[in-house]
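Understanding the architecture of this molecule
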Amino acid sequence: MKELVEVIAKSLVDCPEEVAVSETETEKAIVLELRVAQSDMGKVIGKQGRVAKAIRSIVKAAASKEEKKVTVDIVQ
């Protein structure tokens, strides 16, 4: 999951070297924290959060195979 979010984010931003994804796993859930450059924050979130929602939907679909709940948090 971490690699998936990283690939998607790097393709969206102007500074792909500043993209960082950290993964925290619990018994039932995985939390992915996405960090990008401040100037790229708008590109990752999108108008009215549409890009962020799309990223979360893709990750949720990929996670359904593993039967785990995955949340993606975009952090400054």
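Criteria and cut-off values
Counting restarts for each chain, with residues numbered from 1 along the sequence as it is written. Only residues with pLDDT of at least 70 are given local features in this predicted model, and only at 80 or more are side-chain atom pairs given and counted; all residues enter the totals for whole chains, interfaces and linings. Heavy atoms from the whole structure form the basis of all side-chain values; hydrogens and water molecules are not counted. For every element, the axis is a line fit to its C-alpha atoms; helices are fit only across the contacting stretch, and the angle between N-to-C directions ranges from 0 to 180 degrees. Helix numbering and strand numbering both begin at the N terminus, where a helix is a DSSP run of H or I of at least 4 residues and a strand a DSSP run of E of at least 2. Oblique is the label for any angle not covered by the other classes, which are roughly parallel (under 35 degrees), roughly antiparallel (over 145) and roughly perpendicular (65 to 115). Here is the rule for handedness: rotate from the far helix to the near one, and if that takes an anticlockwise turn smaller than a right angle the crossing is left-handed, while a clockwise turn gives right-handed. Only heavy atoms enter the contact rule, under which two residues are in contact if any of them lie within 4.5 Å. Put simply, Ala, Val, Leu, Ile, Met, Phe, Trp, Tyr, Cys and Pro go in the nonpolar bin, Asp, Glu, Lys and Arg in the charged bin, and everything else, Gly too, in the polar bin. In this text, buried Ala, Val, Leu, Ile, Met, Phe, Trp, Tyr and Cys residues form a nonpolar core when linked through side-chain atoms within 4.5 Å. The rule is simple: take the accessible area with a 1.4 Å probe, protein chains only, and divide by the maximum for that residue type; under 20% is buried, over 50% is exposed, in between is partly exposed. What counts as a salt bridge is simple: a side-chain nitrogen of Lys or Arg found within 4 Å of a carboxyl oxygen of Asp or Glu.

Packed helices, taken two at a time, are described by the angle between their axes plus the distance between the axes. As a packed pair, helix α1 (residues 2-12) and helix α3 (residues 50-63) sit with axes 10 Å apart at the nearest point and diverge in direction by 155°. In terms of orientation, α1 lies roughly antiparallel with respect to α3. Helix-helix and strand crossings are classified by hand; for α1 and α3 the assignment is right-handed. Side by side, α1 and α3 meet where L4, V5, I8 and L12 of the first sit next to V51, I55, I58, V59 and A62 of the second. Residues that form the contact of α1 with α3 fall into these classes: 9 nonpolar, no polar and no charged.

If you look at the biggest cluster of nonpolar residues, it comprises 18 residues, and the most contacted ones within it are V5, L32, L34, V36, V59 and V70. Listed by contribution, the elements that provide at least two residues to this core are α1, β2 (29-35), α2 (41-45), α3 and β3 (69-75). Residue contacts for L34: discarding those within four places in its chain leaves V5, A9, V19, A20, V21, V44, D73, I74 and V75.

This paragraph deals with the pattern of salt bridges. Oppositely charged side chains are able to pair whenever their charged atoms sit close together. Enumeration according to the criterion identifies 5 salt bridges in this entry. Note that K10 is salt-bridged to E6, the shortest N-O span being 3.3 Å. With K10 and E6 both in helix α1, this residue pair falls 4 residues apart, about one helical turn. By relative accessible area, E6 is classed as partly exposed at 24%. Salt-bridge contacts for K43 lead to D40; the nearest nitrogen and oxygen are separated by 3.9 Å. The exposure class assigned to K43 is partly exposed, which follows from its relative accessible area of 36%. By relative accessible area, D40 is classed as buried at 1%. One continuous salt-bridge network, built from bridges that share partners, spans D14, D40 and K43.

That's the geometry; what it means functionally is another story.
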